[in-house]
Amino acid sequence: MNNLETRPPESSAAATPEDLTRHDPTEPPQHEVPLNLYEKRKGVFPQKIDGKFRRFKWLVMLITLGIYYITPWLRWDRGPYAPDQAVLIDLAHRRFYMFGIEIWPHEFYFVAGLLIMAGIGLFVVTSAVGRAWCGYSCPQTVWTDLFQHVDRLIDGDRNAQIRLAKAPLSPSKFFRRTFKYAIYLFIGFWTGGAWIMYFADAPTLVRDFWSGEAAPTAYITVAVLTLTTVGLGGFMREQVCIYMCPWPRIQSAMLDEKSLLVTYKDWRGEKRGSVKKAAKNPETYGDCIDCHQCVAVCPTGIDIREGPQVGCITCALCIDACDRVMAEVGRPRGLIDYATLEDCEREAAGEEPRPVWKTLLHPRTIAYFSIWAAIGLGLLFALGNRDHTDISVAQDRNPPYVMLSDGSVRNAYTVKLRNMESRPRDMRIALEGLPQGVMWTDAMGREDAASTLIQRMPADATQAFRVYVVQPADVAKDEFTFTVTSLDKQAETDSNEARFNAPE
Amino acid sequence: MMANKRIDKPTGTETVGHEWDGIEELNTPLPRWWLWTFYACIVFAIGYTIAYPAWPMVNSATKGMLGWTSHEQLAKEMAKADESKGAIRAALAKIPIERLPEDSELMRAAVAGGRAAFKVNCVQCHGAGAAGSKGYPNLNDDDWLWGGDLKAITYTLEHGVRQPDGEDTRFSMMPAFGADGILTSAQVSQVADHVLSLSGKAKDNAAGAQIFADNCAVCHGPNGKGMREFGAPNLTDPIWLYGGSREDVIATVTNSRYGVMPAWKDRLDPVTIKMLAAYVHSLGGGEDFVEVAEDPATEVDEQS
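Since the structure is predicted, the reported quantities are computational estimates derived from the model, not experimental observations. (Residues numbered from 1 in each chain as written. Chains lettered and ligands numbered in written order. Predicted model: local features only at pLDDT ≥ 70, side-chain atom pairs only at ≥ 80, totals over all residues.)

Chemist: Just checking my understanding: could you explain the overall build of chain A for this structure?
Modeler: Counting its secondary structure elements, chain A contains 17 helices and 14 strands. The C-alpha radius of gyration computed for chain A amounts to 35 Å, which surpasses the reference 23 Å derived for 504 residues by more than 25%, pointing to a less compact arrangement than a globule. Along the longest, intermediate and shortest principal axes, the C-alpha atoms of chain A span 115 × 75 × 60 Å. Put simply, 70% of the contacts in chain A that link residues at least 6 apart link residues at least 24 apart. (Helix = DSSP H or I, 4+ residues; strand = E, 2+ residues; numbered from the N terminus. Rg over C-alpha atoms; globule rule 2.2 N^0.38 Å. Contact = placed C-beta atoms within 7 Å.)

Structure, rendered in structure tokens:
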């Protein structure tokens with residue numbers, strides 16, 4: 001108890017009756033609402049809007065959903081030994097097909113590389129055009145947009161939706177809600193249904209699915225994805241973007257004064273006031289007429305005029321809304337616009353806005369793009385140079401060698417050949433660096449032993465077989481190489497170091 | 001002390017009322033979802049201990065209402081595993097062992113099954129890699145005492161070698177030439193030199209050759225090539241079951257050697273024995289079964 005001196009006087013351990021209430025006269029009374037860290041969800045009912053960004057969003061939605069739903073149905077001829085689905089993740093056979101590319105499990109680094117590219121691609125996009133991914137092509141955004149259209153279709157526009165949300169449950173509201181949720185489920189079901197098509201032959205799977213013959217995994221996957229789609233897109237919506245998704249946080253760290261943001265130009269808009277007030281006092285009031293259209297159309301329910309914030313996915317619908325209002329009141333467009341903070345300052349100071357390419361091309365975008373392109377080129381190079389023939393050798397360790405009755409020494413190996421072509425191929429295995437050695441497999445006899453073997457490899461397969469290598473009695477331990485050569489016009493080769501054990 | 005509860009202004013949370021050197025603790029209750037999960041776990045645990053064996057009693061634990069036991073579960077899983085092998089075992093039971101190589105699929109299955117059975121029954125003497133040791137033959141090489149085709153291996157497995165009281169067991173007995181006074185120790189040395197000379201490890205000597213012809217050739221053959229009927233090893237090759245040094249050979253001639261292998265037909269089922277034979281045959285030294293080639297017609301008749 002040597003810290004008596006440092007103890008603040010009011011927290012004396014000897015509590016007196018006066019302490020029980022502990023009122024600091026300078027503090028406000030305790031029954032005042034304390035600071036609450038929990039933000040209760042406010043309903044978001046975005047209003048219908050049309051404009052160039054809205055039309056662009058339609059286009060992006062059409063393209064992304066089109067890619068998602070159509071891709072599994074594209075066909076790609078790979079000959080009789082491989083599936084003809086253009087994009088197929090064949091988990092059962094451990095193959096990943098993407099048009100002309102076939103990836104084996106040991107080449108998973110290509111997939112890892114693609115994921116890294118996707119990550120750095122997001123960096124490129126963010127440093128150049130801000131949160132364009134969030135605003136236009138993120139699945140959460142696209143599906144939320146889809147569900148919000150359904151809301152408007154069934155419940156009407158913003159005001160009708162608000163009224164309905166406040167109304168007590170009536171038969172008509174019950175019917176509307178049931179109908180709407182049925183559509184939600186339908187969308188969710190088709191989302192999950194399309195997903196499983198990537199993992200099996202789509203036409204076969206559809207037939208099996210509806211006849212009840214598909215694997216339980218297929219039904220479970222569809223059920224889970226139906227629920228997550230409806231849950232995330234139908235109900236959680238902007239909550240996912242604001243609270244669940246890590247990407248907005250990462251992006252906030254990557255944004256700077258050179259990043260393109262949806263920005264309210266406060267130097268132009270403030271002080272807000274109606275057209276009438278502005279007409280009376282043109283000096284006091286700015287261009288913003290405080291009509292709240294930007295708030296009404298926002299799919300995440302924020303007010304962009306409060307400045308850049310994590311809730312803004314830069315979908316630019318408020319730009320459409322504001323541009324339309326500005327046109328109506330006869331003021332120049334772009335009160336809310338894509339702009340960098342740097343340019344905002346410049347414009348506020350009365351300078352000319354910079355051309356768009358200058359905004360996009362700055363050192364950071366160029367650096368990210370170079371990294372992204374370098375990885376892409378590296379992957380392409382690796383893809384072009386990869387071999388479709390592979391050999392790997394594992395030596396028997398117990399026993400390390402076997403003495404035969406004629407005094408010769410035999411070693412045994414498990415040789416694995418890999419034929420990555422979608423056709424059967426003959427392959428020649430040879431012993432290099434073992435001039436006296438001959439070999440045979442367990443499928444043949446020692447009488448057929450030779451220094452090279454020819455093995456018929458099935459299409460798209462790995463096969464292991466036992467190989468015996470024998471050398472005369474007087475040999476010592478030695479290193480040598482198994483080589484394989486494909487006997488076709490590709491004449492691919494691969495080799496694997498091995499060791500020949502012999503008695504000391 | 002407990003009466004010291006107050007509302008902490010910045011967070012709006014009540015304190016627990018304790019204070020240690022000016023440090024107070026906020027009374028933040030557990031999240032409700034956590035609490036309900038906890039209660040649900042308690043309810044689940046009570047149900048679990050009723051349904052499954054749980055409470056320790058004097059002699060054993062409570063049985064549980066579902067009557068589940070881990071023994072039973074193991075038995076079921078083992079039965080299921082056996083069932084899945086049923087087709088292969090039935091096919092193996094039907095096929096004569098010497099015809100097994102014709103069905104490469106079945107052969108592969110038999111070798112795999114044999115590898116597992118070998119690890120349980122045979123590694124104690126023959127070693128994990130079947131390489132044997134002094135007195136225990138190496139099964140990887142092409143030197144066989146009693147024959148290395150599938151049928152001969154199966155016979156050895158079924159009836160064993162020098163199995164005491166084994167009626168059909170492989171049997172032979174080399175006399176203890178030195179210990180029983182058949183040969184003098186000088187003669188033993190001479191014949192040992194002759195034996196070693198057969199594989200070029202020593203100089204030939206006429207006396208030794210004569211002793212060999214008189215005493216050893218009956219079983220080992222005039223050239224020392226051995227005879228499989230007696231399990232008499234080939235003395236001309238570099239493979240020595242009991243060591244190939246001069247001392248080793250002298251010891252063998254003096255005291256004789258005979259290893260024993262149990263008969264497995266009473267311990268293992270015929271299918272497992274076939275699998276073991278297939279595995280041993282597959283180790284690299286297996287010989288072809290010649291009789292089949294000599295009279296294929298009879299075999300085909302037997303099969304049908």
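From this point on, the discussion continues.
Chemist: Just to check I follow, could you spell out the overall build of chain B for this structure?
Modeler: Each helix and strand in chain B was counted, giving 13 helices and three strands. Computed over C-alpha atoms, the radius of gyration of chain B comes to 35 Å, more than 25% over the 19 Å expected from 2.2 N^0.38 for 304 residues, which places it beyond the range of a compact globule. A principal-axis box enclosing the C-alpha atoms of chain B has dimensions of 115 × 60 × 45 Å. Among the 304 residues that make up chain B, the fraction classed as buried is 27%. In chain B, 53% of the contacts between residues at least 6 apart in sequence involve partners at least 24 apart. (Buried ≥ 20, exposed ≤ 12 C-beta atoms within 10 Å, placed from the backbone.)

Chemist: When you look at the UniProt feature "transmembrane region" (unreviewed entry) in chain A in this model, what are you seeing that I'm missing?
Modeler: All names here are of chain A. Feature annotation in UniProt places "transmembrane region" (unreviewed entry) on residues 56-74, 108-129, 181-198, 218-236 and 366-384, given in this structure's numbering. Secondary structure within residues 108-129 divides into 95% helix and 0% strand; the distance between the first and last C-alpha atoms comes to 31 Å. When the span residues 181-198 is considered, its composition is 89% helix and 0% strand, and the gap between its end C-alpha atoms is 27 Å. (UniProt positions renumbered as here; feature names shortened; annotations may be inferred.)

Chemist: Which parts of the structure should I look at to understand the nonpolar core?
Modeler: All names here are of chain A. With 44 residues, the main nonpolar core has V262, C294, I304, L317, C318, C322 and I336 as its most contacted residues. In terms of residue count, helix α14 (residues 317-328) provides more of this core than any other element does, six residues in total. When near neighbours in sequence (up to four residues on either side) are disregarded, L317 contacts I49, F53, R54, V297, C298 and P299. Core analysis: the second largest hydrophobic core is formed by 26 residues, V402, L431, L434 and Y468 among them. (Core = buried A, V, L, I, M, F, W, Y, C linked by C-beta atoms within 7 Å.)

Chemist: Explanation requested: the environment of A:R55 in the structure shown.
Modeler: Among the structural elements, A:R55 can be located in helix α1 (residues 52-70). With 85 residues separating them along the chain, A:R55 and A:Q140 place their C-alpha atoms 18 Å apart.

Chemist: Before we go on, may I ask you to explain the packing of helix α4 (residues 139-155) of chain A against helix α6 (residues 171-196) of chain A in this structure?
Modeler: To describe two helices that pack against each other, one gives the angle between their axes and the distance between the axes. Residue and element names in this part refer to chain A. It is at 10 Å that the axes of α4 and α6 come closest, and there the two elements cross at 150°. By the angle class used here, α4 and α6 are roughly antiparallel. Read as a crossing pair, α4 and α6 show a hand that is right-handed. In contact with L146, F147, V150, I154 and D155 of α4, α6 contributes R176, F179, K180, I183, Y184 and I187. Of the residues belonging to the contact of α4 with α6, the class tally is eight nonpolar, no polar and three charged. (Axes fitted to C-alpha atoms, helices over the stretch in contact; angles between N-to-C directions. Parallel < 35°, antiparallel > 145°, perpendicular 65-115°, else oblique. Left-handed = near helix turned anticlockwise from the far one by under 90°. Nonpolar A, V, L, I, M, F, W, Y, C, P; charged D, E, K, R; others polar.)

Chemist: Could you clarify how one ought to interpret the domain arrangement of chain B in this entry?
Modeler: A common way to express how large an interface is: the accessible area buried when the components associate. The domain architecture assigned to chain B consists of domain 1 (2-51), domain 2 (97-167 + 261-303) and domain 3 (185-255). Each of domain 1 of chain B and domain 2 of chain B has a C-alpha centre, and the two are 70 Å apart. (Domains from an automatic or database assignment.)

Chemist: Hey, could you run me through helix α2 (residues 70-84) of chain B in this one?
Modeler: Given 3.6 residues per helical turn, the α-helix brings residues three or four places apart onto the same face. Spanning 15 residues, α2(B) covers 21 Å between terminal C-alpha atoms, matching the ideal 21 Å at 1.5 Å per step. Among the 15 residues that make up α2(B), zero are buried, leaving the element largely open to the surroundings. (Expected span 1.5 Å × (residues − 1).)

Chemist: Any chance you could explain the sheet that holds strand β2 (residues 95-98) of chain A here in plain terms?
Modeler: Strands pair in a sheet through their backbones, by hydrogen bonds, and they do so in one of two ways: parallel or antiparallel. Residues and elements named next belong to chain A. In spatial order, the strands read β1-β2-β3; together these three strands make up an open sheet with antiparallel pairing. Only two strands of the sheet have a single partner each, and these edge strands are β1 (87-90) and β3 (101-103). When strand polarity is set aside, the average angle formed by the axes of neighbouring strands in this sheet is 10°. Sheet topology note: the β1/β2 ladder contains four bridges and is antiparallel. Looking across to β2, one finds that V87 is bridged to M98. (Pairing = 2+ DSSP bridges.)

Chemist: What exactly am I supposed to notice about the pairing of strand β13 (residues 478-486) of chain A here?
Modeler: Walk down a regular strand and you will see the side chains alternate between the two sheet faces. Residue and element names in this part refer to chain A. In this structure, strand β9 (residues 425-432) lies alongside β13, joined through six bridges in antiparallel fashion. Residue pairing across strands places E432 opposite T481, the latter belonging to β13. In terms of strand pairing, β13 meets strand β14 (residues 493-500) through eight bridges, oriented antiparallel. Residue T483 lies in a different strand from β14, and its bridge partner there is S495.

Chemist: Sorry if this is basic, but what is going on with the sheet that holds strand β2 (residues 13-20) of chain B here?
Modeler: All names here are of chain B. Taking strand neighbours across the sheet as the criterion, the three strands line up as β1-β2-β3 in an open arrangement whose pairing is antiparallel. The two strands at the open ends of the sheet, each matched to only one other strand, are β1 (7-8) and β3 (23-26). Where β1 lies against β2, two bridges are found, and the strand directions are antiparallel. In the strand pairing of β2, I7 is matched with E14.

Chemist: Please clarify how the packing of α1(A) against α14(A) should be interpreted in this entry.
Modeler: Residue and element names in this part refer to chain A. Remark: α1 packs on α14, axes separated minimally by 7 Å, with the N-to-C direction vectors making an angle of 145°. On α14, the residues touching K52, F53 and R54 of α1 are L317, I319 and D320. Each residue belonging to the contact of α1 with α14 can be placed in one class, and the counts come to three nonpolar, no polar and three charged.

Chemist: Help me understand the domain arrangement of chain A, please; the structure alone is not making it clear to me.
Modeler: Domains assigned within chain A are domain 1 (52-251), domain 2 (256-354) and domain 3 (389-500). Centre-to-centre separation of domain 2 of chain A and domain 3 of chain A, based on C-alpha positions: 74 Å.

Chemist: Help me understand the confidence of the model for chain B, please; the structure alone is not making it clear to me.
Modeler: Low pLDDT means the predicted atomic positions in that stretch should not be read closely. Residue and element names in this part refer to chain B. Across chain B, the average pLDDT comes to 89, with 94% of residues at or above 70. Mean pLDDT values for the elements of chain B range from 43 in helix α13 (residues 296-303) up to 96 in helix α1 (residues 32-51). Taken together, the stretch residues 292-304 has pLDDT below 50 and engages in four contacts with residues farther than four places along the chain or on a different chain. Taken together, the chains of this predicted complex give a pTM of 0.73 and an interface ipTM of 0.76. (pLDDT = per-residue confidence, 0-100.)

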